[in-house]
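Structural overview for review
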Amino acid sequence: KSRSSKQLHFSGIARKQRQAIYGSQNTLRHVMKNIIEEAHRLTEFFLKRGNPSRQRVVDLLGAMITGTETRTKSSNQLDEGGGPNHFVDALQHGPPQYRDLNFRLQMEVMKARMQGFCTSGFCLNALMLLFKLVEPIKLTQAPTLCPFYIAKGVKDVAHPVLGNYHKEARFGDEEAVTAANEYFATLPEWNEDVPFKAQVHWLCLRAFHCMLIPVLKEDTCFLYAASFFQGKDMDQFENFFGEHLLYETILDSPMFKDGLAHMLNLTMAFVLSCAYPEKATEIKEAKSASQVFGTVSIPPEKVSPEFAALPSCIIDDLVELLEYLHNTRAGPDQESDLFDRIDRDLLIVMLVFVLGSGDHIRNPSVRGKATTIMTAVAKMKNYSQRIEKWDFCVRNMIPSCVRVFTAVEKTKQSYYDIRMHLKYQLRMPIMELFEKLMELVEHKNCLKRFAEAESEDFLKFTNLMINDATYQLEEGLDTLLEVRKREAGEQPDESGAAGVGVHREVDEQEDMNADGQDMFRRSRHDPKEHCRTYMKMGHRTLRTLWSMSREAPQVVIGAPIVLQQMLQNCLNTCLDRLVGPKCLELKAKNAQRQDFEEYEFHPKKLLTFLAEMYVALAREDRDKVVHIVGEDGRNYKPQTFRKAIKILARENFIPAAALDDFRAFVDYLIQSASAQQAAMDAIEIPDEYLDPIMAEIMSDPVLLPTSKNIMDRKVIERQIMSTDEDPFNRQALKKSDLIPQDELRKEIHEFCAKHNIKLDDD
């Protein structure tokens with residue numbers, strides 16, 4: 001009794017074989033199973049004694065969960081709300097007591113006693129009992145689990161079953177929630193007693209939030225700390241890994257996983273039935289709930305009252321649980337077998353719903369994390385073919401990827417990011433998934449249909465990807481230049497706000513957290529890691545653009561604004577950096593070998609991507625591509641394109657046929673650009689024909705209604721995609737507000753035709 005379970009079973013684990021550890025865990029699991037089954041039999045006895053006794057059991061469980069609500073506060077969590085990186089950081093640099101795990105665990109026990117919340121072990125035991133109680137509820141009964149129950153909570157008063165759950169943020173805004181409550185009050189069921197199965201289900205939802213998620217966060221901290229100390233301090237490693245093994249004993253037990261899988265399935269079916277209330281009758285009569293949800297379209301047409309009233313933490317907790325399962329897997333190719341216990345189709349529908357339903361799931365970070373999970377799921381044998389071939393996925397996957405890619409633009413940065421925006425981290429798995437789907441004809445056709453039907457969403461998606469690729473590669477290349485300066489003995493420049501000595505128009509306040517700390521201090525002290533990070537991201541983003549231009553070039557060609565952004569801001573800029581006048585500055589000085597691979601910089605691959613993208617787009621409309629490339633006064637240089645051909649031919653980067661196509665494209669480009677420039681030099685162009693910002697001939701002049709300025713449509717629409725503002729007075733502006741200037745357009749086109757000047761739409 002004087003020794004803990006960790007001391008009895010998991011001391012000296014560094015010297016034990018894994019089989020011996022499994023044996024200890026199985027012994028503990030057998031004991032726990034007997035305890036839970038006995039507790040369940042006792043609970044069943046009281047439940048069968050009639051409604052008053054049954055309600056007292058429910059109220060007791062509700063009071064237990066209500067007492068544990070304070071565990072969700074960051075001050076009552078082991079990581080203090082800062083995540084596992086903060087926990088490990090405190091172990092290294094915090095006060096002495098913060099570096100002692102046993103002291104910190106004793107403090108957690110004292111907090112539990114003082115504030116009345118359950119300890120981690122008690123929480124897991126209580127969850128297993130609750131799982132037993134929801135086990136009889138079928139997935140087809142999800143619509144009957146009373147979505148209006150949450151509306152019965154009274155402000156500032158803890159409900160016997162709901163506790164303070166009704167105070168959690170909802171999926172709908174205040175107005176939508178008020179309207180939902182008024183709607184619920186008109187339902188016949190409003191004045192009836194809530195069924196036992198619905199009460200138990202809501203208890204489980206609360207227990208997920210108050211009991212399970214804090215425990216998973218603790219276990220993640222122990223794993224991170226064990227990984228950090230392994231090989232450095234084996235006593236610390238054994239201490240932290242021993243704690244993890246205790247958690248794993250329950251979390252990875254068949255009994256817990258079976259109960260958790262059923263509750264997850266039930267939660268997903270419940271949330272989706274609230275999002276699609278019109279499917280309620282079908283679900284009740286169907287053999288399988290996932291069969292019904294497989295027929296829906298993402299997103300739903302509107303946010304239903306049933307969905308608006310739900311606490312948004314339901315999805316947050318679901319995503320956090322799935323993220324935990326993915327992050328704590330045994331190896332890179334080994335996912336938790338819980339994914340095999342979950343209803344496969346239901347999970348796919350749920351994840352796609354989270355990705356593609358921006359009006360329903362308003363937290364972009366949660367949607368971005370769901371993409372990481374979807375990408376991991378898509379690699380699992382049991383899921384991959386279903387995602388590729390299932391009609392539901394064919395109809396909804398690509399549009400959902402596009403929408404979530406745009407949504408994560410609004411995510412906030414993290415103090416522990418290594419000089420990179422969180423949105424870039426979240427977009428990497430989106431692009432990986434997108435690229436995989438683009439190889440399939442059905443999904444490729446879906447992209448084409450989506451680009452035509454939802455052109456504004458598609459334009460934003462592509463525009464953001466182009467911006468990302470350009471920024472990431474420039475950040476990586478600029479950092480590599482800074483590294484070369486340091487290698488040459490030059491004084492490092494620490495004044496740049498957006499990178500290692502790189503000056504950009506970035507608000508330095510965005511680099512500070514709430515305490516005024518520089519979020520990216522680590523990166524500035526490690527330029528090599530900074531360079532690697534951005535190079536890796538830049539290569540991935542450009543590869544996805546390459547895939548899109550190769551698989552669906554007509555989609556890009558059909559969007560003039562996107563095409564101009566891709567050709568001038570991305571391809572021309574990157575080509576100039578790779579083979580332009582300053583390209584030699586990227587090489588190591590006096591080095592016996594090039595060290596590009598150490599920085600994840602692969603210029604051969606990048607140059608190949610660029611050449612093949614030019615050719616793929618030119619096959620669709622050579623004259624349009626050539627005109628846009630040639631009118632780029634900043635980055636288009638004939639000698640740069642000729643040098644690119646020379647390098648590609650010398651190094652045999654691409655097949656001979658592809659090289660011939662690129663050479664033919666460049667020859668035609670140089671000839672056409674030269675003729676266009678000669679025509680422009682021969683005449684004086686009236687000022688009223690020029691765009692006031694770009695100083696280029698307008699092909700489609702439009703009037704801005706608030707500032708009364710006239711601009712070229714492609715220029716102002718590109719501005720709207722970024723800021724939705726009139727650049728002259730910062731007033732709100734939409735594409736539909738632009739007023740065509742038909743007479744001026746006719747004048748300009750007649751003038752250009754007379755003087756052999758080609759315009760974008762000629």
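Residues numbered from 1 in each chain as written. Predicted model: local features only at pLDDT ≥ 70, side-chain atom pairs only at ≥ 80, totals over all residues. Heavy atoms only, no water.

1. Regarding the overall build of the chain
Counting its regular elements, the chain contains 32 helices and three strands. Taken over C-alpha atoms, the radius of gyration comes to 30 Å for the chain, in line with the 27 Å a tight globule of 762 residues would show. On the principal axes, the C-alpha backbone points of the chain span a range of 100 × 65 × 45 Å. Taken over 762 residues, the chain has a buried fraction of 54%. A sequence separation of at least 24 residues applies to 75% of the contacts in the chain between residues at least 6 apart. Counting every atom, the chain has about 35,100 Å² of accessible surface; 49% of that belongs to carbon and sulfur. Taking the average place of the 97 positive charges on the side chains of the chain and the average place of its 112 negative ones, the gap between the two points comes to 6 Å. (Helix = DSSP H or I, 4+ residues; strand = E, 2+ residues; numbered from the N terminus. Rg over C-alpha atoms; globule rule 2.2 N^0.38 Å. Buried < 20%, exposed > 50% of the residue type's maximum accessible area, 1.4 Å probe, protein only. Contact = heavy atoms within 4.5 Å. Areas by Shrake-Rupley, 256 points an atom, 1.4 Å probe, with all protein chains shown as cover. Lys, Arg positive; Asp, Glu negative; His and termini not counted. Charge placed at Lys NZ, Arg CZ, Asp CG, Glu CD.)

2. Considerations on the packing of aromatic side chains
A full pass over the atoms with the stated rule returns 32 aromatic pairs. Centroid distance Tyr149 to Trp202: 6.3 Å. Interplanar angle 80°. Geometry classified as edge-to-face. Taken as a pair, Tyr149 in the loop between helix 6 (120-134) and helix 7 (174-184) and Trp202 in helix 8 (residues 196-229) lie far apart in primary sequence, 53 residues in all. With a centroid separation of 5.7 Å and 80° between ring planes, the pair formed by Phe307 and Phe353 is classed as edge-to-face. Here Phe353 lies in helix 16 (residues 344-356) and Phe307 lies in helix 13 (residues 305-308), a separation of 46 residues in the sequence. A relative accessible area of 0% means that Phe307 is categorised as buried. Residue Phe353 is classed as buried on the basis of its relative accessible area, which comes to 0%. Put simply, the rings of Phe87, Phe222, Phe228, Phe229, Phe240 and Tyr247 pair up and form one aromatic cluster. Looking at Arg427, its charged tip hangs above the ring of Phe405, at a distance of 4.4 Å from the centre. We note Arg622 situated over the ring of Tyr668; from NZ or CZ to the ring centre the distance is 3.6 Å. (Phe/Tyr/Trp six-rings, centres within 6.5 Å; stacked < 30°, edge-to-face > 60°. Lys NZ or Arg CZ within 6 Å of the ring centre and 35° of its normal.)

3. Things to note about the environment of Tyr383
Structurally, Tyr383 is set in helix 18 (residues 381-389). For Tyr383, a relative accessible area of 0% gives the class buried. In the structure, Tyr383 is positioned 371 residues away from Lys754 in sequence and 61 Å away in space, judged by C-alpha atoms. Residue contacts for Tyr383: discarding those within four places in its chain leaves Phe339, Ile342, Arg344, Leu347, Ile348 and Val377.

4. Quick word on the packing of helix 16 against helix 19 (residues 391-407)
Across the interface, helix 16 lies against helix 19 with an axial gap of 8 Å and an inter-helix angle of 35°. Relative to helix 19, helix 16 is oriented so that their crossing is left-handed. Seen from helix 16, the contacting residues are Ile348, Val349, Val352, Leu355 and Gly356; seen from helix 19, they are Phe392, Cys393, Asn396, Met397, Ser400, Arg403 and Val404. (Axes fitted to C-alpha atoms, helices over the stretch in contact; angles between N-to-C directions. Left-handed = near helix turned anticlockwise from the far one by under 90°.)

5. Side note on the pattern of salt bridges
All told, the structure shown has 39 salt bridges when counted by the stated rule. Among the ionic pairs, Glu238 bridges to Arg15, the shortest N-O distance being 3.9 Å. Pair noted here: Glu238 is in helix 9 (residues 234-251) and Arg15 is in the loop between helix 1 (5-9) and helix 2 (18-47), with a separation of 223 residues, a long-range link. Among the salt bridges present, the one from Glu432 reaches Lys379, with a minimum N-O distance of 2.8 Å. Taken together, the residues Glu432 in helix 20 (residues 422-438) and Lys379 in the loop between helix 17 (364-377) and helix 18 connect sequence positions 53 residues apart. (Salt bridge = Lys/Arg side-chain N within 4 Å of Asp/Glu carboxyl O.)

6. Observations regarding the sheet that holds strand 2 (residues 710-712)
Judged by pairing direction, the sheet is antiparallel, and its three strands sit side by side in the order 2-1-3 without closing on themselves. Looking at strand neighbours, the two that pair on one side only are strand 2 and strand 3 (739-740), the edges of this open sheet. Where strand 1 (residues 701-703) meets strand 2, three bridges bridge the pair, whose relative direction is antiparallel. Each bridged residue has a counterpart across the sheet, and for Val702 the counterpart in strand 2 is Met711. Sitting on the sheet, helix 31 (residues 713-723) touches strand 1, strand 2 and strand 3, and the angle it makes with strand 2 is about 90°. (Pairing = 2+ DSSP bridges.)

7. Considerations on a negative patch on the surface
Where like charges cluster on the molecular surface, the negative patch consists of Glu684, Asp687, Glu688, Asp742, Glu743, Glu747 and Glu750. Relative to the helices and strands, Glu684 is located in the loop between helix 30 (656-681) and strand 1. (Patch = residues over 30% accessible without salt bridge, like charges linked within 9 Å, V, L, I, M, F, W, Y side chains within 5 Å.)

8. Some details on the environment of Pro147
The topology assignment puts Pro147 in the loop between helix 6 and helix 7. Distance in space between the C-alpha atoms of Pro147 and Phe307 is 7.9 Å, their sequence separation being 160 residues. Once residues within four sequence positions are removed from consideration, Pro147 is found in contact with Phe184, Trp202, Phe270, Cys274 and Glu306.

9. So, the side chain of Ser24
On the secondary structure map, Ser24 appears in helix 2. Contact partners of Ser24, with chain neighbours within four places excluded, come to His9 and Phe10.

10. Description of unusual backbone geometry
Looking along the chain, the bond that leaves Ile298 and enters Pro299 is cis, with omega of 0°. Mapped onto the secondary structure, Pro299 falls in the loop between helix 12 (289-293) and helix 13. Even without being glycine, Asn652 reaches a positive phi, approximately 55°. Tracing the backbone through its elements, the reader meets Asn652 in the loop between helix 29 (638-651) and helix 30. Taking the relative accessible area as the measure of exposure, Asn652 reaches 65% and is therefore exposed. Backbone geometry at Asn756 places phi at a positive 60°, although glycine is not the residue there. As for its position among the elements, Asn756 is in the segment after helix 32 (742-754).

11. What about helix 14 (residues 313-327)?
Residues that lie three or four places apart on an α-helix share one face, since the helix turns once every 3.6 residues. Across its 15 residues, helix 14 extends 20 Å between first and last C-alpha, which sits within 8% of the 21 Å expected from 1.5 Å per residue. Counted residue by residue, helix 14 has eleven buried out of 15 residues, so it is predominantly covered. Regarding helix 14, the residues found buried are Cys313, Ile314, Ile315, Asp317, Leu318, Val319, Leu321, Leu322, Tyr324, Leu325 and His326. The inward-facing, buried residues of helix 14 contact helix 8, helix 9, helix 10 (254-275), helix 15 (338-341), helix 16 and helix 17. (Expected span 1.5 Å × (residues − 1).)

12. Concerning the confidence of the model for the chain
Of the residues in the chain, 91% have a pLDDT of 70 or more, and the chain-wide mean is 86. Confidence scores differ between elements of the chain, with helix 23 (residues 521-524) showing the lowest mean pLDDT of 49 and helix 16 the highest of 96. Ignoring residues within four places in sequence, the model shows residues 413-419, a span with pLDDT below 50, making 32 contacts including any to other chains. Low pLDDT, under 50, characterises residues 495-522; the predicted model gives this stretch 67 contacts beyond four residues in sequence or across chains. (pLDDT = per-residue confidence, 0-100.)

13. A short note on a nonpolar patch on the surface
Taken together, the side chains of Phe103, Met107, Met110 and Met114 present a nonpolar region at the surface, about 410 Å² in accessible area. Inspection of the secondary structure assignment puts Met114 in helix 5 (residues 101-115).

14. Remarks on helix 7
Buried residues of helix 7: Val177, Ala180 and Phe184, and no others. Seen end-on, helix 7 carries its buried residues on one side only, within an arc spanning 60°. In helix 7, those exposed residues whose orientation departs by more than 90 degrees from the buried face are Glu174, Glu175 and Glu182. Packed against the buried residues of helix 7 are helix 13. (Arc of directions from axis to C-beta.)

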